[in-house]
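Coordinate analysis (summary)
The primary structure of each chain is shown beneath.
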Amino acid sequence: MLVLFETPAGFALFKVLDEGKLSAVDDLWKEFSTSESARQIVKLKAFSKFENTTEALSAATFLIDGKPTKALRKFLRAHCDGETLAVADSKLGNVIKEKLQIDCVHNNTVMELMRGLRSQLTELISGLPVQDLAPMSLGLAHSLSRYKLKFSPDKVDTMIIQAIGLLDDLDKELNTYAMRVREWYGWHFPELAKIVQDNILYAKVVKLMGSRDNAAKLDFSEILLEEVEMELKEASMISMGTEVSELDLMNIRELCDQVLALSEYRAQLYDYLKSRMNTIAPNLTALVGELVGARLIAHGGSLLNLAKQPGSTVQILGAEKALFRALKTKHPTPKYGLIYHASLIGQAPPKLKGKISRSLAAKTALAIRYDALGDSPDNSMGLENRAKLEARLRNLEGRELGKSAGSTKGKPMIEAYDKDRKKGAGALITAAKAYNPSADSTLGRTTVTAVDHQDEEFLKRSKREAEEPTLTTEAGEEATEKKKKKKKNVEIQDADQQNNEDSVVEPEEEDKKEKKKKKKKHSKTEADLEIEDSHTEQEAGETKKKKKRKHTETEEEETEGSKKKEKKKKKKKNNE
C-alpha cells in the first residue's frame, strides 16, 4: 500500500511497511510519537520535486479542484504499478482511478496516517529541514491566496470597468450624432422628426429615402409600421422644407452610416458586458442588473475593493458630492447614489424609496462579498435576496395584510373603516355629516342665540343713537358732555329694549362666550331673520339724523349742492 502526500516542495510517495498496525485507528497516533517508531511503519519510496513556485502554485490549484497535474500523472504511472494508493481527497482518488486505473483508498485510517506523516515529515524526508519547510509553506499559501482572489481569469474585473466606461461614451456620442442628423436633414424634411421618434429608425429612413421626393416610390415596410409609412408619404408631398443638393444628401447619408455603425457596436458591447457580469458577479447582477452593477464596480475601483465597503457606503456610492454638501450645510443626507437606477427602487413609490434603497444596499454588499470571495459561481443567493426584497416591498405598500418583518402589530381591522366608505372615484372613509332638523325649532327659547356678533353690535349702536336726540338739544355741544350722557342712559336703553322687543340681551361676558359658538354656525334661524327685518326699518331714519349732526355746516351745504346738480341732470334727461 502506498500513500500520496503533498508538500510545498513536491509530491512524496510513502510505502506502508506494517499494514496490520493500521487496523487500530485510535492508537495509530502513538506510532508516530517518535521518528524511530514512524520509520517502522512507513518509508519514503519516491519524491517528485517542484522546479519553481509557479509549478507549485499550479499543482496546488489543480489539487484544490480535484484534478492531477501532468507531472503527477507521470509520477504515479512510474511508481504505482499494481499497488493500492491512499489519498487525502476522495475526489482526486476517483479521477486517478478513472484516468490511471489505480485503486485509491480514502477513509478514517488514511486520514490518521496523513496526520502522523505530517507530524514527522522532516524526519521521514531527508534534505527537507524545518527551517526551509515553514517559509515554503507560507510563500505557497500567499501565492495561492493572491491567485484565487486577484489573478484568477474568471475574476478579472478590469474588462468590466473599461466596458462600462466605453458604453457610457458611446451613448453620448450616439446621441450627439443622432441629433446632428435630425438637425441637418430637418432643413430638407422637417416633418419627419415628429413622424419618426426613434433615432435609429430616423437614420435608417434618411439613408433609404435620400430626397423627400423619393418617399412615394419607396417601400418602408421593413423599417416602419404601415400607419407611420402612410403618414410619412403624405407629409413628403406637402413638406415645407428647402431643397438640398445631391452632395449634401451624400454627406447626410454618410453620417447616418456612422450612427447605425455605432448603434450596432453598442449592442455588441452591451452583450459582452452582460456576459462578463454574469461570470464575475452573478449575484450582484441578479440584484441590481448589469449596468448598475458594472457602474458600482467601476466606481469602487475593483470588485475586491467594493467588497470591503459596508452597505451604508454602497447605498450612497456615486453621491459623494451631495453627501458632503449636505454635511456642510447641515441638510438631510442623500438616500441613494448609483443604486437609485436599480429596478427594485424604480418600482417603489416615492415615500418608500429610502427604505428599499437601504435594504437593497445591505443585500448588495453581501452579494458583492459572496461574488468576490466565494467559490460558488451560481446566482442562487442573489435571486433569493431579490425575492425577499420584493416581498418586503409588497408588505410596505400594503398589498399583503400579514405581519411585516420586525413588526409586532397584527392585521389592521379594515372592516371597521369599510362601513362608512363611499363607492366611486372620490371615495371617502369618513362618514358624511347629516343635517340636524332639531336646530330649526324655536319653542322654549328665551334668548337670542343665533344672531351674529356683528349684527348685535350694529343694533346696540343704532338704539343708542336713537336716544341721543332726547338728551341733546344742539348739534354743536362738546363731545365730553355727550359721553357722560350716553353712560347715564345705558341702563334706560337696556330696559326699553326688553319691553319693546320682548327679548333678553345677555351681558358682555356671556356674549364673549357665545362668540366662539356663533362663529361655527353658518345659517340663521327664521326667528332671527324676523328680528333683523323689524330693526332695520326703524334704524333707516335714525341713521340719517346721526349723519346730519356729525357733519359740519359746510359739509351740509356741499351735499345740498350735489343734490341740486343731480336733480338738474335728471330734469335734462327727462326733457330730452
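Only a predicted model underlies this, so the values are computations on that prediction, with no experimental measurement involved.

**A look at the overall build of the protein chain**
Looking only at helices and strands, the protein chain has 28 helices and five strands in total. Among the 576 residues that make up the protein chain, the fraction classed as buried is 32%. Sequence-distant contacts in the protein chain: of pairs separated by 6 or more residues, those separated by 24 or more amount to 63%. Accessible surface, the protein chain as shown: approximately 37,800 Å² in total, 52% of it carbon and sulfur.

**Notes on the side chain of Ser 302**
By the secondary structure assignment, Ser 302 is in the loop between helix H15 (290–300) and helix H16 (303–307). Ser 302 sits in the buried class, given a relative accessible area of 15%. Within the structure, the side chain of Ser 302 is placed 3.2 Å from the backbone nitrogen of Asn 305, a separation counted as a polar contact.

**Quick notes on the packing of helix H9 (residues 158–186) against H15**
Two elements in contact, H9 and H15, have axes separated by 9 Å at closest approach and are oriented at 115 degrees. Classified by the angle between their axes, H9 and H15 sit roughly perpendicular to one another. Crossing of H9 against H15: the hand is left-handed. Between H9 and H15, the contacting residues are Ile 160, Ile 161, Ile 164, Leu 167 and Asp 168 on the first element and Leu 291, Ala 294, Arg 295, Ile 297 and Ala 298 on the second. For the contact of H9 with H15, the class distribution of residues is eight nonpolar, no polar and two charged.

**Section: the packing of helix H13 (residues 246–280) against H15**
Contact geometry of H13 with H15 gives a least axis separation of 10 Å together with a crossing angle of 75 degrees. Comparing the axis directions of H13 and H15 gives the class roughly perpendicular. Listed contacts from H15 to Tyr 270, Leu 273, Lys 274 and Met 277 of H13 are Glu 290, Leu 291, Gly 293, Ala 294 and Ile 297.

**Observations concerning the confidence of the model for the protein chain**
Per-residue pLDDT for the protein chain averages 77, and the proportion of residues at 70 or more is 70%. Scored below 50 in pLDDT, residues 425–430 shows eight contacts in the model against residues more than four places distant or in partner chains.

**Regarding the nonpolar core**
If you look at the biggest cluster of nonpolar residues, it comprises 59 residues, and the most contacted ones within it are Tyr 185, Leu 192, Met 209, Leu 232 and Leu 360. Broken down by element, this core gets its largest block of residues, 11 residues, from H13. Residue contacts for Leu 360: discarding those within four places in its chain leaves Leu 287, Val 288, Ile 339, Ala 342, Leu 344, Ile 345 and Leu 389. The next biggest cluster of nonpolar side chains, apart from the first, holds 23 residues, and it includes Val 3, Val 16, Leu 113 and Leu 117.

**Quick word on the pattern of salt bridges**
If you walk through the whole model with that rule in mind, you get 11 salt bridges. As a salt-bridge pair, Arg 39 and Glu 123 come within 3.8 Å of each other at their nearest N and O atoms. Remark: Glu 123 occurs in helix H7 (residues 121–124) and Arg 39 occurs in helix H2 (residues 35–39); sequence separation between them is 84 residues. Since its relative accessible area comes to 40%, Arg 39 is described here as partly exposed.

**Details of the state of the cysteines**
Chemically, a disulfide is nothing more than a covalent bond linking the sulfur atoms of two cysteines. Counted under the stated rule, the structure contains zero disulfides. This cysteine, Cys 80, is not joined by any disulfide, and Cys 104 carries the nearest cysteine sulfur, 8.4 Å off. Since its relative accessible area comes to 4%, Cys 80 is described here as buried.

**A few points about a positive patch on the surface**
On the surface, Lys 563, Lys 564, Lys 565, Lys 567, Lys 568, Lys 569, Lys 570, Lys 571, Lys 572 and Lys 573 cluster together into a patch of positive charge. Position of Lys 570 among the secondary structure elements: in helix H28 (residues 553–575).

**Looking at unusual backbone geometry**
At Gln 101, a position not held by glycine, the phi torsion is positive, near 55 degrees. The residue Gln 101 is located in the loop between helix H5 (90–100) and strand E5 (104–105) in this model. For Lys 330, which is not glycine, the phi torsion reads 60 degrees and is therefore positive. In this structure, Lys 330 sits in the loop between helix H18 (320–329) and helix H19 (343–347). On the accessibility criterion, Lys 330 (79% relative accessible area) is exposed.

**Side note on helix H6 (residues 108–119)**
Between its first and last C-alpha, H6 extends 17 Å over 12 residues, near the 16 Å set by a 1.5 Å rise per residue. Among all positions in H6, only Thr 109, Val 110, Leu 113, Met 114, Gly 116 and Leu 117 are buried. Along H6, the residues classed as buried sweep out an arc of 165 degrees about the axis, all on the same side. Counted as exposed and oriented over 90 degrees from the buried face of H6: Asn 108 and Arg 118. For H6, the side-chain oxygen to backbone nitrogen distance between the N-cap and Thr 109 is 3.2 Å, and the N-cap itself is Asn 107.

**Re the sheet that holds strand E3 (residues 42–49)**
Reading across the sheet, the five strands line up as E3-E2-E1-E4-E5 and stay open at both edges, with mixed pairing between neighbours. Only two strands of the sheet have a single partner each, and these edge strands are E3 and E5. In this sheet, E5 lies alongside strand E4 (residues 85–86) in parallel orientation, the contact comprising two bridges. When the bridges of E5 are listed, Ala 86 appears paired with Val 105. Across the face of the sheet, H6 comes into contact with strand E1 (2–6), strand E2 (10–16), E3, E4 and E5 while running at roughly 55 degrees to E1.

**Description of the packing of aromatic side chains**
For the structure on display, the rule yields two aromatic pairs. Ring centres 5.4 Å apart and planes at 80 degrees place the aromatic pair Phe 11 and Phe 50 in the edge-to-face group. Highlighted residues: Phe 11 in strand E2 and Phe 50 in the loop between E3 and helix H3 (53–64), separated in sequence by 39 residues. For Phe 11, a relative accessible area of 3% corresponds to the buried category. For Phe 50, a relative accessible area of 12% gives the class buried. Measuring from ring centre to ring centre gives 4.8 Å for Tyr 336 and Tyr 340, while their planes differ by 40 degrees; the resulting arrangement is tilted. Overall, Tyr 336 belongs to the partly exposed group, its relative accessible area being 26%.

**Focus: the environment of Arg 392**
Considering the arrangement of structural elements, one finds Arg 392 in helix H21 (residues 380–397). The spatial distance from the C-alpha of Arg 392 to the C-alpha of Ile 356 is 8.3 Å, given a sequence separation of 36 residues. In this structure the side chain of Arg 392 is engaged in a polar contact, spanning 3.2 Å, whose partner is the side chain of Ser 359.

The rules behind each value
Residues numbered from 1 in each chain as written. Predicted model: local features only at pLDDT ≥ 70, side-chain atom pairs only at ≥ 80, totals over all residues. Heavy atoms only, no water. Helix = DSSP H or I, 4+ residues; strand = E, 2+ residues; numbered from the N terminus. Buried < 20%, exposed > 50% of the residue type's maximum accessible area, 1.4 Å probe, protein only. Contact = heavy atoms within 4.5 Å. Areas by Shrake-Rupley, 256 points an atom, 1.4 Å probe, with all protein chains shown as cover. Polar contact = N/O pair within 3.5 Å; in protein donor to acceptor, adjacent residues only side chain to side chain. Axes fitted to C-alpha atoms, helices over the stretch in contact; angles between N-to-C directions. Parallel < 35°, antiparallel > 145°, perpendicular 65-115°, else oblique. Left-handed = near helix turned anticlockwise from the far one by under 90°. Nonpolar A, V, L, I, M, F, W, Y, C, P; charged D, E, K, R; others polar. pLDDT = per-residue confidence, 0-100. Core = buried A, V, L, I, M, F, W, Y, C linked by side-chain atoms within 4.5 Å. Salt bridge = Lys/Arg side-chain N within 4 Å of Asp/Glu carboxyl O. Disulfide = S-S within 2.5 Å. Patch = residues over 30% accessible without salt bridge, like charges linked within 9 Å, V, L, I, M, F, W, Y side chains within 5 Å. Lys, Arg positive; Asp, Glu negative; His and termini not counted. Charge placed at Lys NZ, Arg CZ, Asp CG, Glu CD. Expected span 1.5 Å × (residues − 1). Arc of directions from axis to C-beta. Pairing = 2+ DSSP bridges. Phe/Tyr/Trp six-rings, centres within 6.5 Å; stacked < 30°, edge-to-face > 60°.

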